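Residues per chain, in single letters:
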Amino acid sequence: MTADLPLGTDAQSVRCRVEGLERLLDGLITVPLVGRKVGLDAVLGLVPGVGDVITGMMGLYLVWEARNLGMPRWQLWRMAGNVGLDALLGVVPLAGDLVDLLYRSNSRNLRIIRKHLDRHHPGSVVIEG
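Fair warning: this is a prediction, and the values are worked out from it, not measured in the lab.

This next bit is on the overall build of the protein chain. Looking only at helices and strands, the protein chain has 6 helices and 2 strands in total. Taken over the C-alpha trace, the protein chain has a radius of gyration of 15 Å; the compact-globule value for 129 residues is 14 Å, and the two agree within 12%. Projecting the C-alpha coordinates of the protein chain onto the three principal axes gives extents of approximately 45 × 35 × 20 Å. Within the protein chain, the proportion of its 129 residues that are buried is 39%. Taking the contacts inside the protein chain whose residues are at least 6 apart along the sequence as the reference set, 58% of them involve residues at least 24 apart. Accessible surface, the protein chain as shown: approximately 7,900 Å² in total, 66% of it carbon and sulfur. For the protein chain, the centre of its 14 positive side-chain charges and the centre of its 13 negative side-chain charges are spaced 7 Å apart.

The phi angle at L94 is positive, at roughly 65 degrees, despite the residue not being glycine. With respect to the secondary-structure elements, L94 resides in the loop between α4 (73–90) and α5 (95–102). Among the residues examined, L94 registers a relative accessible area of 71% and is labelled exposed.

Counting across every chain of the model gives 1 aromatic pair. Aromatic side chains Y61 and W64 sit 5.7 Å apart centroid to centroid with 35 degrees between the ring planes, which places their arrangement in the tilted category. Remark: W64 and Y61 occur in helix α3 (residues 50–68); sequence separation between them is 3 residues, near one turn of the helix. Classification of Y61 as partly exposed rests on a relative accessible area of 31%.

Counting through the fold element by element, S13 comes out in helix α1 (residues 11–26). Since its relative accessible area comes to 8%, S13 is described here as buried.

All right, on to helix α6 (residues 105–120) then. Here α6 spans 23 Å end to end across 16 residues, near enough to the 22 Å set by a 1.5 Å rise per residue. The set of residues buried in α6 consists of S105, N106, S107, N109, L110, I112, I113, H116 and L117. Elements in contact with the buried residues of α6: α1, α2 (40–44), α3 and α4.

Attention now moves to the environment of E22. Considering the arrangement of structural elements, one finds E22 in helix α1. Along the backbone, E22 and N106 are 84 residues apart, and their C-alpha atoms lie at a distance of 5.6 Å. Ignoring sequence-local partners within four residues, the contact set of E22 consists of G27, N106, S107 and L110.

Definitions and limits used
Residues numbered from 1 in each chain as written. Predicted model: local features only at pLDDT ≥ 70, side-chain atom pairs only at ≥ 80, totals over all residues. Heavy atoms only, no water. Helix = DSSP H or I, 4+ residues; strand = E, 2+ residues; numbered from the N terminus. Rg over C-alpha atoms; globule rule 2.2 N^0.38 Å. Buried < 20%, exposed > 50% of the residue type's maximum accessible area, 1.4 Å probe, protein only. Contact = heavy atoms within 4.5 Å. Areas by Shrake-Rupley, 256 points an atom, 1.4 Å probe, with all protein chains shown as cover. Lys, Arg positive; Asp, Glu negative; His and termini not counted. Charge placed at Lys NZ, Arg CZ, Asp CG, Glu CD. Phe/Tyr/Trp six-rings, centres within 6.5 Å; stacked < 30°, edge-to-face > 60°. Expected span 1.5 Å × (residues − 1).

Here it is as structure tokens:
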């Protein structure tokens, strides 16, 4: 895995960064027996208190990038709500760890950002081959 993320403010650079962060937070490795992908959100969520704060702040970075794209305020609030709910439920011992596996706020937020980018910046679509 390389860390060649573009630093530009154009839509394609932003798409690349938010997709990379979402992959890091929600889909870094596959759990062998379950076949479900997990990322730093679930792993750091096992560290009481501090893990959910760290991943919550990383999730808010997606909201900040969305703000820089000029997304509507209601979508930003929806995305912030996704991160907040994930962080709030994540502090509950054991149940919060299960929530991190099932409720993927960063994946939800990436879908919102992709929908906006596809509609308003169609040139940023990356076709994987």
